[in-house]
Amino acid sequence: MEINDGEEEEFEFSRNYFLAKELAGSGKKSTRKISDINVVDEQELRAAAANIEPKHEKEINSLVNSYNRLYPKWAFELRCGFGLLMYGFGSKKVLIEDFASTALTEYSVVVINGYLQSINLKQVIIALAEIWWDDLKTKRRTSSGVSSKVQQPFNTRSMDDLLAFLHESDVEENDSFVCVVVHNIDGPGLRDSESQLYLAQLASCSHIRIVASVDNVNAPLLWDKKMVHTQFNWCWYHIPTFAPYNVEGTFFPLILAHSSTAQSAKTAAIVLQSLTPNAQSVFKILAEYQLSHPDEEGMPVDALYTIARERFLVSSQVTLNSHLTEFKDHELVKTRRHSDGQDCLHIPPQRMPSKKLLSEINQ
C-alpha cells in the first residue's frame, strides 16, 4: 500500500503523540533544575538585546502612521463617553501618547505607567481631582455648592469622596473631561482586583475618560461584564505596532539573566505558579511559618504534615513527601537538621516569594 506525504506526516504526528503520552504516564520526573540554566549577567544581556538590528522598519513605520487617520474617530468616541482599549503585538506607548498630544490638545491628560512594579493609585486620583478643580476654575463654571465642598484638601479625602467629586455634573459642556492614559492597564502594578475596581469606578466618572493598552492575552479576565460594558465602556481596537517594549521591559528582570535576590525570587515565583493548587497551599503554610518564626531553624516536617492534613491538603505522609520532593527538585525548599535531631524545612531567602503572591494563593 502506498502512503502519500500527507498520510505519512499524519502517521508521524500520531506516533509522537502517543509516545509523549506514554512517557508522561511513566511516572518519571524531570531532573532539570533552575540552577542548571546557563544564565548571563543581566546588564550584558540587556546590552546585547539593545544592539539587535531592527527589521522591516519601513513597513512598521508605514503601519503605525496609518493609525493616524483613526485619531478623529477615537477623539469623538471619548467625547461620547466611551473608553478606548488598544491591544495587539508591540508597544503602544508612543502611538497612544502621540494621539493624546495631537488630538486631545484641548483636554488635560494624565499618564499612568502600569508596567511599573508599584503604583499609588490614590495619589493618581488626588492629582486628577486637583487637575479637574483647576479646569473648573479656569472655565469659571463652578457652582457655590461645589466651591464649599473643595475647602477640604484633596489629599485628606477618601477615595469615595474623590470619585464622587470627579463624577459631579456641574459643567455645561458635556464633552469636558480629563483623559487618563494607562499604559499596560494589565501591568503588575495594577492587575490586582482592588486596583481594577478603582479604575473601573474612575472610568465611570462623568468627567474622566480612559485610553488604555493591554499586552496580556488574559487581560479581559480582570473584568466582569459590568466593568467592561458599563464602567469602562470599552471600544476595542486591534492596533499591532510590532514596536519593541524598550521602556516597559526596563522594569522587568530578565529570567535568563544572572542577577540579584529579587531575580531569584522571580524565578521561584514562576515555578510556584506552575504547581498544583494543593502543592501551592502546602508551600504557603511553610512560607507563612518561616515569616512568623524568623529566629527558628525551620519548620519541622511533622508540624507541616499536621497542618496540611487538617486543611485537607494531603491525605497521608506519602502525599506530603511527593510535594516536598517537587519543592526540593526545583530548589524551592531545603532540609536542615534541627538541634534536637529532627528534620526541618527551610525556604532559602532568595527563593522566598513576595507576600502579595502568597496572599493570592487559593483566593
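Note that the structure is a prediction, hence the values are computed from the model and not measured. (Residues numbered from 1 in each chain as written. Predicted model: local features only at pLDDT ≥ 70, side-chain atom pairs only at ≥ 80, totals over all residues. Heavy atoms only, no water.)

**Here we look at the sheet that holds strand β5 (residues 208-213)**
Operational definition: Strands are labelled as partners when DSSP assigns at least two bridges between them. Secondary structure elements are defined from DSSP: runs of H or I of at least 4 residues count as helices, runs of E of at least 2 residues count as strands, and each element is numbered from the N terminus. Between N-to-C directions, angles cover 0 to 180 degrees, with each direction set by a line fitted to C-alpha atoms, over the stretch in contact for helices.
On the basis of which strands lie adjacent, the open sheet formed by 5 strands has the order β3-β4-β5-β2-β6 and parallel pairing. Taken across any chain shown, the strands that pair with only one partner, and hence form the sheet edges, are β3 (108-113) and β6 (234-238). Neighbour-to-neighbour, the strand axes of the sheet open up by a mean angle of 20°, direction not taken into account. Judged from the 5 bridges that link them, strand β2 (residues 83-87) and β6 form a sheet pairing that is parallel. Bridge pairing in β6 places Met86 opposite Tyr237.

**Quick look at the environment of Asn216**
Structurally, Asn216 can be placed in the loop between β5 and α10 (225-232). Sequence separation between Asn216 and Gly187 is 29 residues, and the spatial gap between their C-alpha atoms is 8.6 Å.

**What to know about the side chain of Gln231**
The condition that has to hold: The contact definition used throughout considers only heavy atoms, calling two residues in contact when any of these lie within 4.5 Å.
Mapped onto the elements of the fold, Gln231 is located in helix α10. Ignoring anything within four residues of it in the chain, the contact list for Gln231 reads Ala200, Gln201, Ala203, Ser204 and Lys226.

**Observations concerning the packing of helix α13 (residues 277-292) against helix α14 (residues 301-310)**
Selection rule: Any angle from 65 to 115 degrees is called roughly perpendicular, while one under 35 is roughly parallel, one over 145 is roughly antiparallel, and all others are oblique. Whether a crossing is left-handed or right-handed is set by the direction in which the near helix is turned from the far one by less than a right angle, anticlockwise for left-handed and clockwise for right-handed.
Contact geometry of α13 with α14 gives a least axis separation of 10 Å together with a crossing angle of 130°. By the angle between their axes, α13 is oblique relative to α14. Two packed elements cross with a definite hand, and for α13 against α14 that hand is right-handed. Here Val282, Ile285 and Leu286 of α13 lie close against α14, whose contacting residues are Leu304, Ile307 and Ala308.

**Let's talk about the sheet that holds strand β8 (residues 299-300)**
Read across the open sheet, the 3 strands follow the order β8-β10-β9; overall the sheet is antiparallel. Both outer strands of the open sheet, β8 and β9 (334-337), are each paired with one neighbouring strand and no more. Where β9 lies against strand β10 (residues 343-346), 4 bridges are found, and the strand directions are antiparallel. Directly across from Lys334, in β10, lies its bridge partner His346.

In short, shape yes, function no, at least from these values alone.
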